[in-house]
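Working through the structure, step by step
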Amino acid sequence: MAHALPLRPAARLRRLPPVLAVVAVVALLALPLGPDGGGGAHPADAVSALVVLYGVLRLVRDRRRPLTRRAAAVLGLPVLGLAVAAAGAASPGAGLEGLGRYLQVFVLVPAAVLLLLRDRDDARLLAWATVMLAVWQGAVGVHQYVTATGASYQGEPIRAVGTFGAQDVMGMATVVSLGLVCALGLALGRTPVRHRLLAAGCALALLLPLAVSFSRGAWIATAVTCAAQLLLAGPRRALAVGAAVLAAGVVLVGGLGVGTAMLQERVGSITQVTDAPDQSVTDRYTMWAAAAGMWRERPLTGVGLKGFPEYRDSHASLALSSGSETDGAGAGYQRQPLLSPHNMYLLVLAEQGLLGLVALAGSWLALLVLGLRRLRAARRAGGGLDCGLIACGLLVWQLTDFAYADIGGPSTVLTAVCFGLAAWWALGSTTSGRAAAR
């Protein structure tokens, strides 16, 4: 009787699913940063570059066509505006740095994810990896809140920031929000019941770290996205799941004790613009006005990539403070300069002009329209609903959050992965069998 020969290590590696390379990028975001590493390079960024290289090598080895014409057009659309804005930057170094970052987040990594995801099972694996990352970061954040070892908020070290540190207070909030969106999409699918129950439990558990992140933008984006996912899944399920989430939120917020008043004050400050707003709200709207002023000065091409800090003071009013204060979570007191308007659309408009905004936003809108169209077909066919809800949900979250934030910090690489998952759903093959890999 013949026996199968054991596979060599190289052969075993080739049989591993390519999506594991993308999962490695997500997993690396669980690593803690040093006290001063919140805004610098992260190992996940380096690995994301290797993922792009890996995708290229697989194309060469398998002699496959890189992308369909539609995918190449949608993902390549931002390149035109980026190239023009890079050429108009204040210095060649700044232009190349900004060009590389934008290409990484919105073109190269999404294209690599689109190529490396073979089927729905790969997409679910990537979604679960994001959920597990969110659970880890959320657990660290809740511990920081309970033990008063987090970042400073209103003079108390209670703000949950996970392993990202006080200099990237949005990092944990972003990861937890995206994990919650993935968990809700998995819970609303038609996978085995135990998988859906586990996903629903993770979604409910992530509400607490999201609350104690005190991130207004993340709250708004998550609320909008979860409501959209529930409606897309069907009205009946929307009512049932929405009632459960609301009940869990009341229980969680009610158990926060002293944090309840702070949360109420934080929520109230979202619309508090003219009636004694806090300094962070004043700074945000002042920088928005400055970005709009830069665009009016150069409406077509903007002031160039990385140009916002240089032109900020000449367009901002005296209401703008000299910087934001950070403290706690293992780092000492620091004052950070305000280098962006904390609004992705206004940042692109200021630095890339109408040309850049139309190109980038056009690419995002195309992904959303195509993704929603495929989601509607998946609802009728009864397959892949969870993948569609996850992909479209992640895209809706990003597009909503971009009204209150822009790219920057270690969590940005997760933004790139999310755009890749959305591109896979909207532009790639979404079959469930492994035969799709061939």
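These lines cover the structure that appears in this document, whether it is placed above or below. (Residues numbered from 1 in each chain as written. Predicted model: local features only at pLDDT ≥ 70, side-chain atom pairs only at ≥ 80, totals over all residues. Heavy atoms only, no water.)

1. Points about the overall build of the protein
What counts here: Helix and strand labels come from DSSP, where a helix needs a run of H or I of at least four residues and a strand needs a run of E of at least two; each type is numbered from the N terminus. Two residues form a contact once any of their heavy atoms are found within 4.5 Å. For the area figures, the Shrake-Rupley method with a 1.4 Å probe applies, and any residue is considered shielded solely by the protein chains shown.
Tallying secondary structure elements over the protein gives 18 helices and 4 strands in all. Pairs at least 24 residues apart make up 77% of the contacts formed inside the protein by residues separated by at least 6 positions. As displayed, the protein offers around 19,500 Å² of accessible surface, 66% of which is attributable to carbon and sulfur atoms.

2. Points about the nonpolar core
Counted only if it meets this: Think of a nonpolar core as a cluster: buried Ala, Val, Leu, Ile, Met, Phe, Trp, Tyr and Cys residues, connected wherever their side-chain atoms sit within 4.5 Å. Partly exposed describes any residue whose relative accessible area lies between the buried limit of under 20% and the exposed limit of over 50%, with all areas from a 1.4 Å probe on protein chains only and scaled to the type maximum.
Grouped together as the largest cluster of nonpolar side chains are 118 residues, with contacts concentrated most on Tyr 102, Phe 106, Leu 126, Met 344, Leu 414 and Leu 427. Broken down by element, this core gets its largest block of residues, 14 residues, from helix α16 (residues 344-381). Among all residues touching Leu 126, those that are not within four sequence positions of it are Val 19, Val 22, Val 23, Val 26, Val 113, Leu 117, Val 417 and Leu 421.

3. Points about the packing of aromatic side chains
To describe a pair of aromatic rings, you give the distance between the ring centres and the angle between the ring planes. Where we set the bar: Stacked, tilted and edge-to-face are the three classes applied to pairs of Phe, Tyr and Trp rings, where Trp contributes its six-membered ring and a pair requires centres within 6.5 Å; stacked means planes under 30 degrees apart, edge-to-face means over 60, and tilted covers the rest.
One pass over the structure, following the stated rule, counts 12 aromatic pairs. Where Trp 424 meets Trp 425, the ring centres are 6.1 Å apart and the plane angle is 50 degrees; that geometry is what we call tilted. The burial state of Trp 424 is the same as that of Trp 425; both residues are buried. Within the aromatic cluster, the residues linked to one another by ring pairs are Tyr 102, Phe 106, Tyr 345, Trp 364, Phe 402 and Phe 419.

4. Quick word on the pairing of strand β2 (residues 156-159)
Within a regular strand, side chains alternate between the sheet's two faces. Formally: For two strands to be treated as a pair, DSSP must find no fewer than two bridges joining them.
Looking at chain direction, strand β1 (residues 151-153) and β2 are connected through 2 bridges and run antiparallel. Within the sheet, the bridge partner assigned to Ala 151 lies in β2 and is Arg 159. Counting the residues in the hairpin turn of β1 and β2 gives 2 residues, including Gln 154, whose phi is positive at 55 degrees.

5. Details of the environment of Ser 177
To keep it simple, the criterion reads: Counted as a polar contact is a pair of N or O atoms within 3.5 Å, where, for protein atoms, one must be capable of donating a hydrogen and the other of accepting one, and residues adjacent in sequence contribute only when both atoms are in side chains.
Note that Ser 177 resides in helix α8 (residues 169-187). For the pair formed by Ser 177 and Cys 226, sequence separation is 49 residues and the distance between their alpha carbons is 10.0 Å. Excluding its chain neighbours within four sequence positions, the residues that come into contact with Ser 177 are Leu 210, Ala 218, Thr 222 and Trp 397. Within polar-contact distance, the side chain of Ser 177 engages the backbone oxygen of Ala 173 at 2.7 Å.

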